[in-house]
Amino acid sequence: QVQLVESGGGLVQAGGSLRLSCAASGRAVSTYTMAWFRQAPGKEREFVARIWSGGGTYYADSVKGRFTASRDNIKSTVYLQMNSLKPEDTAVYYCAAGRYTSSSRSGDFGSWGQGTQVTVSS
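First things first, this report covers the structure right here in the doc. (Residues numbered from 1 in each chain as written. Predicted model: local features only at pLDDT ≥ 70, side-chain atom pairs only at ≥ 80, totals over all residues. Heavy atoms only, no water.)

On to the overall build of the protein. Secondary structure assignment for the protein yields zero helices and eleven strands. In the protein, the order of α-helices and β-strands from amino to carboxyl end is β-β-β-β-β-β-β-β-β-β-β. For 122 residues, the compact-globule formula gives about 14 Å, and the C-alpha radius of gyration of the protein, at 13 Å, lands near that figure. Dimensions along the principal axes, computed over C-alpha positions, put the protein at roughly 40 × 25 × 25 Å. Within the protein, contacts between residues separated by at least 24 positions form 58% of all contacts whose residues are at least 6 apart in sequence. Counting only carbon and sulfur atoms, one obtains 48% of the accessible surface of the protein, whose full area is about 6100 Å². (Helix = DSSP H or I, 4+ residues; strand = E, 2+ residues; numbered from the N terminus. Rg over C-alpha atoms; globule rule 2.2 N^0.38 Å. Contact = heavy atoms within 4.5 Å. Areas by Shrake-Rupley, 256 points an atom, 1.4 Å probe, with all protein chains shown as cover.)

Every disulfide links exactly two cysteines, by a covalent bond between their sulfur atoms. Applying the stated criterion across every chain, the model contains one disulfide. There is a disulfide in this structure between Cys22 and Cys95, and the S-S distance comes to 2.1 Å. Since a negative S-S torsion denotes a left-handed disulfide, the Cys22-Cys95 link at about -80° is left-handed. Residue Cys22 is located in strand S3 (residues 18-25), and its partner Cys95 is located in strand S9 (residues 91-98); the two are separated by 73 residues in the primary sequence. Judged on exposure class, the residue Cys22 and its partner Cys95 are both buried. (Disulfide = S-S within 2.5 Å. Buried < 20%, exposed > 50% of the residue type's maximum accessible area, 1.4 Å probe, protein only.)

Bringing the sheet that holds strand S1 (residues 3-7) into the picture now. The four strands are arranged S1-S3-S8-S7 in an open sheet whose pairing can be described as antiparallel. A strand with exactly one partner marks an edge of an open sheet, and here the two such strands are S1 and strand S7 (67-72). Averaged over neighbouring strand pairs, the angle between their axes works out to 15° when direction is ignored. Relative to strand S8 (residues 77-82), S3 runs antiparallel, the two sharing six bridges. Residue pairing in the sheet places Leu18 in a bridge with Met82 of S8. (Pairing = 2+ DSSP bridges. Axes fitted to C-alpha atoms, helices over the stretch in contact; angles between N-to-C directions.)

Turning our attention to the packing of aromatic side chains. This structure, assessed with the given rule, holds five aromatic pairs. Each ring, one from Phe37 and one from Phe109, has its centre 5.5 Å from the other, and the planes form 70°; the classification is edge-to-face. With Phe37 in strand S4 (residues 33-39) and Phe109 in the loop between S9 and strand S10 (111-112), the pair connects residues that are 72 residues apart, well separated along the chain. Assessed through its relative accessible area of 3%, Phe109 is described here as buried. When the ring of Phe37 is compared with that of Trp112, the centres are 5.1 Å apart and the planes differ by 55°; the resulting orientation is tilted. Of this pair, Phe37 sits in strand S4 while Trp112 sits in strand S10, and the two are 75 residues apart along the sequence. Judged by relative accessible area, which is 1%, Phe37 ranks as buried. Judged by its relative accessible area of 26%, Trp112 falls in the partly exposed class. Three or more aromatic residues joined by ring pairs form one cluster here, namely Phe37, Phe47, Tyr58, Tyr94, Phe109 and Trp112. One Lys or Arg, Arg45, reaches over the ring of Tyr94 and ends 3.8 Å from the middle of that ring. We note Arg45 situated over the ring of Trp112; from NZ or CZ to the ring centre the distance is 4.8 Å. (Phe/Tyr/Trp six-rings, centres within 6.5 Å; stacked < 30°, edge-to-face > 60°. Lys NZ or Arg CZ within 6 Å of the ring centre and 35° of its normal.)

Right under this line is the structure:
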């Protein structure tokens, strides 16, 4: 298990950018697959991006080309750079960690942060 703390959310106009951070602590953090999910009001939590321990990434179609996930294993921090934001990106964004997973299902990730609110105004 790892402990995760997100930061960087806020209010931004459509077309703007934000960078979310997820600080991780615990044993062997660098070996975990990290992911970002989001949940809008009244909707189910949905997969956004995944980054493997080696740095490879995978994105949901809805954010591909606009969002970029990265990680700094020395700082034990994962980032989500969000560009060209749209009102439909408004949600609480969660960081998650899982062992050896190539899944996009939230149930396959065992550790979660508390979430950070992102609001995009039109």
